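If you want the building blocks of each chain, they are given just below.
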Amino acid sequence: NLEEIGMCSIAAYLRAHGHTVMIAQKNAADIDYRAVGDFDPDLIGYTIYETAKQLAFDSAEIVRNMLPRACLFAGGYYPSTNYKELFDETNLFDYVVRGEGEQTVLELCECMMGLRAAEEICGLIFRAGGELILNEPRSILQDLDTLPWIARDVLQDNQLKVAMISTSRGCYGNCSFCSNQIMWKNWRGRRVGDIADEIEYLFRAHHIVFFNFTDASFEDPDGCCTRMKELMNALAERELPIGYIADFRAEISRKIDAGILPLMECSGLIGACIGVESGNEPDMQLYKKLATVEDSVKTLKLFQEKFVTICEFININPYSTFEGLKENAMFLRKTGIASILEKIATQYGMYKNSALYQKIKDDGLLRDGDFSKYGYRFINPSIETFQTFLSGYLGRLHARYREGYKFMTSYLTRLECFLSFIQRMNPQDEYYMTALSRMREWKSRMNTVHMDCYDRLLDLAESGWDVDAAEQIAQQFLSDVYIQSCISFVNILTRTVKKHLIRTKNPYIQLIKSI
């Protein structure tokens, strides 16, 4: 449902240099391999995520058998940092493109045309004579305005109603758990006018009214949020009826106050994704966050006045203590973050070469065998037992309810953003405010149920774990009746909203399909 912005940028860059490109981004079962075969490409690229790498491998095997003369390359964070593991896992890929891919892939095309040697291409990794060849890393692109706007094939082909927008690369933070500094290095940003032009083009040419900013932090690069204010003013001045979601740092409340909220609202901000990460100070220091817990509380309070708040939170890591988890629990309960069920079990997932990964490795906590995001031991075995049960129980719920489970997780947030946007576009229609109020009351109830369950399980882990008692607690709070009641509520709310949109002939009826 969303554009893979890296590949779309590479596609636009290649086209700008005279190459013919096809983008075949689909769900795995929907890829049109006949169309790929008819296109008969010389070079085929995959963005690979660790959590979905097998899907990429399966697709690459089909393509390799169908087009044996084509060269295949892999890009993205996982291949860039785990290239050795990737080449050990599969022989399907000829190359790995490490880091930013536009210039590297262009030069790879020139290599295939006989214009340069593979060994000369910075950022390229490949096998030769049984050895792994690591070329020099490519320097980051300093001027993003030299890049064309990303290709919008995926948006058009799939009739998407939400567009991805990248206004910058890199980040001024240096969080120990994050991949941003490894992949993107220094912060670099596009011109504000060019960003506003792209958004207006998408609105007028493709009728896109909702945007998802992919920037690591919307307020970079300075301590006064100068660029952010300039962009918000540029969007507000164009008076486009749009909405958007953007990421903010948890300490942004040091830089702004409630006086900026009208500008944010006027520019189209609907959802603010806040990098909170923890509710206790030791973990904030472990993660090398610039924010304190107090900063997070102030920031959430600021944004919750006007906008949907979406919180990034790492509840459990290998160094977690019972004291820290109890502080996290109080924070989750107080802020309402745990209305999204999976937040109570969010566990730190390692990025190879990140500072926190290196610490875990140096402390001897890495498990033997191949690298995996959760391949580490805990300092406290009792907490490891607790986390294993909790994530396992939620995994069973996910397997049992499948599509229904999303109504308690990602869909719930998207629906709230949609309702908030529709309400803002139709302030005279009280129906949407009523629907939002009902939804938020239900989320408050969910937050309470989830935290009551979590607290009981945490107390059990600290006092003496008993798996049968844990099952009873989990089934008491997260029973089939409760889960089904949540699914039913969201289903009914969605259906009634759709009916109201149709009855009132609201032009935003198509947008709800995108959530």
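In what follows, the accompanying structure is described. (Residues numbered from 1 in each chain as written. Predicted model: local features only at pLDDT ≥ 70, side-chain atom pairs only at ≥ 80, totals over all residues. Heavy atoms only, no water.)

## So, the overall build of the protein chain
Step number 1: The helix and strand tally for the protein chain stands at 20 helices and 12 strands.
Step number 2: Its C-alpha radius of gyration of 24 Å places the protein chain within 12% of the 24 Å reference for a compact globule of 515 residues.
Step number 3: Expressed along its principal axes, the backbone C-alpha trace of the protein chain runs to roughly 65 × 55 × 45 Å.
Step number 4: The buried share of the protein chain, reckoned over its 515 residues, is 55%.
Step number 5: For the protein chain, the proportion of contacts with a sequence separation of at least 24, taken over those separated by at least 6, is 73%.
Step number 6: As displayed, the protein chain has an accessible area near 23400 Å², and 50% of this comes from carbon and sulfur atoms.
Step number 7: Of the charged side chains in the protein chain, 57 are positive and 69 negative, and the gap between their average positions amounts to 4 Å. (Helix = DSSP H or I, 4+ residues; strand = E, 2+ residues; numbered from the N terminus. Rg over C-alpha atoms; globule rule 2.2 N^0.38 Å. Buried < 20%, exposed > 50% of the residue type's maximum accessible area, 1.4 Å probe, protein only. Contact = heavy atoms within 4.5 Å. Areas by Shrake-Rupley, 256 points an atom, 1.4 Å probe, with all protein chains shown as cover. Lys, Arg positive; Asp, Glu negative; His and termini not counted. Charge placed at Lys NZ, Arg CZ, Asp CG, Glu CD.)

## Examining the sheet that holds strand 6 (residues 162–165)
Strand pairing within a sheet occurs via backbone hydrogen bonds; the two strands may be parallel or antiparallel.
Step number 1: The strand order across the open sheet built from five strands is 6-9-10-11-12, with neighbouring strands paired in parallel fashion. Taken across any chain shown, the strands that pair with only one partner, and hence form the sheet edges, are strand 6 and strand 12 (308–313). Going across the sheet, the axis of each strand differs from the next one's by a mean of 25°, ignoring polarity.
Step number 2: Examined bridge by bridge, strand 10 (residues 243–249) and strand 11 (residues 269–277) share six bridges and lie parallel to one another. Looking at strand 11, one finds that Y244 is bridged to L269.
Step number 3: The sheet strands contacting helix 17 (residues 410–425) are strand 9 (210–213), strand 10, strand 11 and strand 12, and the helix crosses strand 11 at an angle near 145°. (Pairing = 2+ DSSP bridges. Axes fitted to C-alpha atoms, helices over the stretch in contact; angles between N-to-C directions.)

## Side note on the state of the cysteines
Step number 1: For the coordinates displayed, the defined rule picks out zero disulfides.
Step number 2: In this structure C273 is a free cysteine whose sulfur lies 7.6 Å from that of C311, the closest cysteine sulfur available.
Step number 3: A relative accessible area of 7% means that C273 is categorised as buried. (Disulfide = S-S within 2.5 Å.)

## A few points about the packing of helix 17 against helix 20 (residues 480–503)
Step number 1: Running from N to C, helix 17 and helix 20 point in directions that differ by 30°, and their axes come no closer than 12 Å. Overall, the two elements helix 17 and helix 20 adopt an arrangement that is roughly parallel. Where helix 17 crosses over helix 20, the handedness of that crossing is left-handed. In this structure, helix 17 contributes Y411, L412, L415, F418, L419 and I422 to the contact, and helix 20 contributes V490, L493, T494, V497 and L501.
Step number 2: Residue composition of the contact of helix 17 with helix 20, grouped by class: 10 nonpolar, one polar and no charged. (Parallel < 35°, antiparallel > 145°, perpendicular 65-115°, else oblique. Left-handed = near helix turned anticlockwise from the far one by under 90°. Nonpolar A, V, L, I, M, F, W, Y, C, P; charged D, E, K, R; others polar.)

## Observations concerning the pattern of salt bridges
Step number 1: Taken as a whole and assessed by the stated rule, the structure comprises 35 salt bridges.
Step number 2: Across the pair E198 and R152 runs a salt bridge whose closest N-O atoms are separated by 2.9 Å. Of this pair, E198 sits in helix 9 (residues 192–206) while R152 sits in the loop between strand 5 (131–134) and helix 7 (153–157), and the two are 46 residues apart along the sequence. A single burial state applies to E198 and to R152, both of which are buried. (Salt bridge = Lys/Arg side-chain N within 4 Å of Asp/Glu carboxyl O.)

## Looking at the sheet that holds strand 2 (residues 71–75)
Step number 1: Read from one edge of the open sheet, five strands run 1-2-3-4-5, paired in mixed fashion. The outermost strands of the open sheet, each flanked by one partner alone, are strand 1 (43–47) and strand 5. Strand after strand, the sheet turns through a mean of 25° between neighbouring axes, direction not considered.
Step number 2: In this sheet, strand 5 lies alongside strand 4 (residues 124–128) in antiparallel orientation, the contact comprising four bridges. For F126, the partnering residue across the bridge sits in strand 5 and is I133.
Step number 3: Contacting strand 1 and strand 2, helix 3 (residues 53–66) crosses the sheet at an angle of about 170° to strand 1.
Step number 4: Across the sheet, helix 6 (residues 102–112) touches strand 1, strand 2, strand 3 (95–97) and strand 4, and the angle it forms with strand 1 is around 155°.

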